[in-house]
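# Structure at a glance
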Amino acid sequence: MNTRFRRIFAVFLVFLTVASPALAQERTAIKQGFELEANSNKKILVFRPTVSVGAQSTGGLFEPNAEWTNEAKKNIEQALAELQAGLGNQVVEAPEAYGDDAQNLQEHMALFAAVSDSVIKYQFFVGNRLPTKKRDNKDDVFEWSLGSGVANLPGASEADYGLFIYNKDAYGSTGRKLLQIAAMFGPGIAVQSGEHKGYAGLIDLKTGDLLWLNADGAMGGDVRKSDGAQKRVGQLLEEFPGSLQEEKEVK
Amino acid sequence: VKAIFCAGVGLLCSTFSPSPALATPAAAPPPYEGIYQPQGVDEIGLWREDDESERSLSNSPIVIRDEGLNTYLKGVLCEAVGFDRCGSARIYVIKEPTFNATMSPNGTMRVYSGMLLRMRSEAELAAILGHEFGHFENRHSLNQFKSHRSGTDLLSWAALLASMSPSYQSRSNFENLQISVYGNLYRYQRDQEREADLLGLGYLNSSKLRPQAASEVWQNLMKEIEASTSARGLKKPRFDRIAYTSSHPPQAERAGYLADLAIPEGATRDDGADRYRAEISKWIPEFLNDQILLNDFGASEYIINSLAETGWTADLWFARGELFRLRGNQRDYINASQFYREATILQSDMADAYRGLGLALMKTGERTDAQIALSKYLSLKPEATDAKMIGMMIPKEETE
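What counts as what
Residues numbered from 1 in each chain as written. Chains lettered and ligands numbered in written order. Predicted model: local features only at pLDDT ≥ 70, side-chain atom pairs only at ≥ 80, totals over all residues. Heavy atoms only, no water. Contact = heavy atoms within 4.5 Å. Salt bridge = Lys/Arg side-chain N within 4 Å of Asp/Glu carboxyl O. Polar contact = N/O pair within 3.5 Å; in protein donor to acceptor, adjacent residues only side chain to side chain. Helix = DSSP H or I, 4+ residues; strand = E, 2+ residues; numbered from the N terminus. Pairing = 2+ DSSP bridges. Axes fitted to C-alpha atoms, helices over the stretch in contact; angles between N-to-C directions. Phe/Tyr/Trp six-rings, centres within 6.5 Å; stacked < 30°, edge-to-face > 60°. Buried < 20%, exposed > 50% of the residue type's maximum accessible area, 1.4 Å probe, protein only. Lys NZ or Arg CZ within 6 Å of the ring centre and 35° of its normal. Parallel < 35°, antiparallel > 145°, perpendicular 65-115°, else oblique. Left-handed = near helix turned anticlockwise from the far one by under 90°. Nonpolar A, V, L, I, M, F, W, Y, C, P; charged D, E, K, R; others polar. Disulfide = S-S within 2.5 Å. pLDDT = per-residue confidence, 0-100.

### Concerning the interface of chain A and chain B
Interfaces are often described in size by the accessible area the parts lose on coming together. Between chain A and chain B, the residue contacts involve 37 residues of the former and 35 residues of the latter. Linking chain A with chain B are three salt bridges, by the criterion used here. The salt bridge involving R48 of chain A is made with E52 of chain B; its shortest N-O contact spans 2.4 Å. At the surface where chain A touches chain B, the tally comes to six residue pairs in polar contact (both at pLDDT 80 or more). Residue assignment for the side of chain A that touches chain B shows that the elements contributing at least two residues are α1 (2-16), β3 (50-56), β4 (62-64), α2 (66-87), α3 (99-124) and α5 (174-185) of chain A. For the side of chain A that touches chain B, the element with the highest residue contribution is α1 of chain A, accounting for eight residues.

Listed below in structure tokens is the structure:
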């Protein structure tokens, strides 16, 4: 419970110091030398997407909303299949895992989250980048891997690539929006209302290498509606290998 | 000013005074209302998040998946809260040596292995499980979420107003308000713990187990904390003080009111100490090892000694040997060797005890005896992962 309190304090810190330059950052990277031609008809295994949708209270707390989350999950999965079909790839849902397989899968989901978190923190965005990763950025090197253990994941033998998706939306509540307006016209403080962030990553299911990762701290599109979800998935999969032409149409 | 703040914070501003409900035996729990499903957008949302988190927990490597242990714990929970209620909770044993158990909104109960190590009877275990179940039954996570939300909502507006009139007075008013709102959130959390204690004792009073055990849990914990602080040369802790950010009532207060809440007739009931020991004994070596690695000498020794109250076993002597050897002062090796020897007397094929004995003797310069003990270790456990390293400490002719 202590963490929850710390979070509140943190939220307040953000609120009071407010003019935080926002997380409006996005960045993509592709493993050097990796190319995926359009219409190459690859099979992409999609692991259970982590989707969480809710509201943001006046004080900035996340208020999970099950209905929105379920809608969003359905919409995102649908939009994803459509988008990949457009690229000439086939999307397969990862099968339900049991026993040791399920534990192995869970470990790899956690590993992917840790690796992509490291990429985002230490290679992508200004603030905390490691000197070695800055050098990598300069040399266009993007080298991360989950290890060849991914080949044993359920469903991996029948697919070429694995796709992981993380998406979190907090829509500003009425109270939060009123606060935002009042803060803008009153003391002139910029209060952020709503938070829409996510990342998606593609891995090679034979080697475990991270082939492509896209992280976006401020995305558009209302995931609770199917057309909004299409826009969102378009942004989440921005610069997806083989989609450079497609991308312009999505925008 | 305070009145205005209180009106804003609403319910949160009620000050706690020891409730008369905590001074008399706890009443039986309300009748079971059937399987509960979450209601309203907040609760359904919290449960959904929690369902996802339970899904990953169920496949997490920190969970101890032992059917026997889980069936036993589930049985004790059912014994404590009733066979109708207990179906709403799933127990996960987490390999984590601290004294804790948690309950989350959807009925996921996390039981830490460190808690199982410290319990002495089924009744003590039932008291903890009942308390956690009380959190579930009274929807504490949901209420806490709501109180956090209203508290932070209020503070946001107050911060806005304060920043519009940047005077010393408005700033100081805001800071006071902040302190009082956060203070009330913590107080609210402590009151929920008291409520869960009350409910937990309600279950225990109506069960077949001895309700007085609940208070003993906290008495033992206080002794352990004292042992821990005194081994580190710290001031004796105050168990009656509430810190501003305390999440729970102080141990002395809990031990006190839990004793009052137990029905006196229950004192003669069985507390299932033998059954508990029989179920848990095979886990003791592993749990003790995790505890020793916490590097809390006083607490670990207190736990080993209290486990030994019913008689020293080879496992306990061995754990004590490890505790001293891992602290690793020259004087500790002398004691450690003695404890390992006691272990080997009780169980002459305890390979790890010979290993510890050999390593401790090496340190005190008793090379010959050390080598005898180490070769005994290797002969008992030739496949040991450290066999090669240990082998290097033994002269060639002895390993052959």
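### Quick notes on the sheet that holds strand β1 (residues 90-94) of chain B
All names here are of chain B. Within the open sheet, the three strands sit side by side as β1-β3-β2. Their pairing is mixed. A strand with exactly one partner marks an edge of an open sheet, and here the two such strands are β1 and β2 (101-103). Between one strand axis and the next, the sheet turns through 15° on average, direction left out of account. Looking at chain direction, β1 and strand β3 (residues 108-112) are connected through five bridges and run parallel. Residue pairing across strands places V93 opposite V111, the latter belonging to β3. Across the sheet, helix α3 (residues 67-81) is in contact with β1 and β3; its angle to β1 comes to roughly 130°.

### Topic: the environment of A190 of chain A
By the element assignment, A190 of chain A lies in the loop between α5 and β7 (195-204). In this structure, the C-alpha to C-alpha distance between A190 of chain A and Q180 of chain A, residues ten residues apart in sequence, is 7.0 Å.

### Re unusual backbone geometry
Not every positive phi belongs to a glycine, and E239 of chain A is a case in point at roughly 60°. Here E239 of chain A shows up in the loop between α6 (226-236) and α7 (244-250). With a phi angle near 55°, R139 of chain B is a residue other than glycine that sits in the positive phi range.

### Some details on the packing of aromatic side chains
Across all of its chains, the model carries 22 aromatic pairs over all chains by this definition. Geometrically, the ring pair formed by F47 of chain A and F164 of chain A is stacked, given 4.7 Å between the ring centres and 20° between the ring planes. In this pair, F47 of chain A is assigned in the loop between β2 (43-46) and β3 and F164 of chain A in strand β6 (residues 161-172), connecting sequence segments 117 residues apart. Comparing F47 of chain A with F164 of chain A, the two get one shared label, buried. A connected cluster of aromatic rings, assembled from ring pairs, spans F47, F112, F164, Y166 and Y199 of chain A. One cation-aromatic arrangement involves K168 of chain A over F62 of chain A; the distance from NZ or CZ to the ring centre is 4.2 Å. We note R139 of chain B situated over the ring of F136 of chain B; from NZ or CZ to the ring centre the distance is 5.2 Å.

### A few points about the packing of helix α15 (residues 351-363) of chain B against helix α16 (residues 367-380) of chain B
All names here are of chain B. One can describe the packing of α15 onto α16 by two numbers: an axis separation of 8 Å at closest approach and a directional angle of 155°. Classified by the angle between their axes, α15 and α16 sit roughly antiparallel to one another. Between α15 and α16 the crossing geometry is left-handed. When α15 is examined against α16, the residues A351, D352, Y354, R355, L357, G358, L359, L361 and M362 are found in contact with a partner set consisting of R367, D369, A370, Q371, A373, L374, K376, Y377 and L380. Split into classes, the residues belonging to the contact of α15 with α16 amount to eleven nonpolar, two polar and five charged.

### Here's the deal with the state of the cysteines
Residue and element names in this part refer to chain B. One pass over the structure, following the stated rule, counts one disulfide over all chains. Here C78 is linked by a disulfide to C86, with a sulfur-sulfur distance of 2.0 Å. On the sign convention where negative is left-handed, the bridge of C78 and C86, at about 80° about the S-S bond, is right-handed. Taken as a pair, C78 and C86 share a single burial class, namely buried.

### Comments concerning the confidence of the model for chain A
Residues and elements named next belong to chain A. Mean pLDDT for chain A: 84, with 87% of residues reaching 70 or above. Overall, residues 1-24 carries pLDDT values under 50, and its contacts beyond four positions in sequence, including any with other chains, amount to 40 contacts. Predicted confidence for residues 245-251 stays below pLDDT 50, and this span has six contacts to residues more than four positions away or in other chains.

### Here's the deal with the pairing of β3 of chain B
Residue and element names in this part refer to chain B. In terms of burial, β3 is a largely internal element, five of the five residues being buried. Judged by which residues are buried, β3 turns out to be covered on both faces: T108, R110 and Y112 on one side and M109 and V111 on the other are all buried. Here three bridges tie β2 to β3, and the two strands are oriented antiparallel to one another. Each residue of the ladder has a partner; that of T102, found in β3, is R110.

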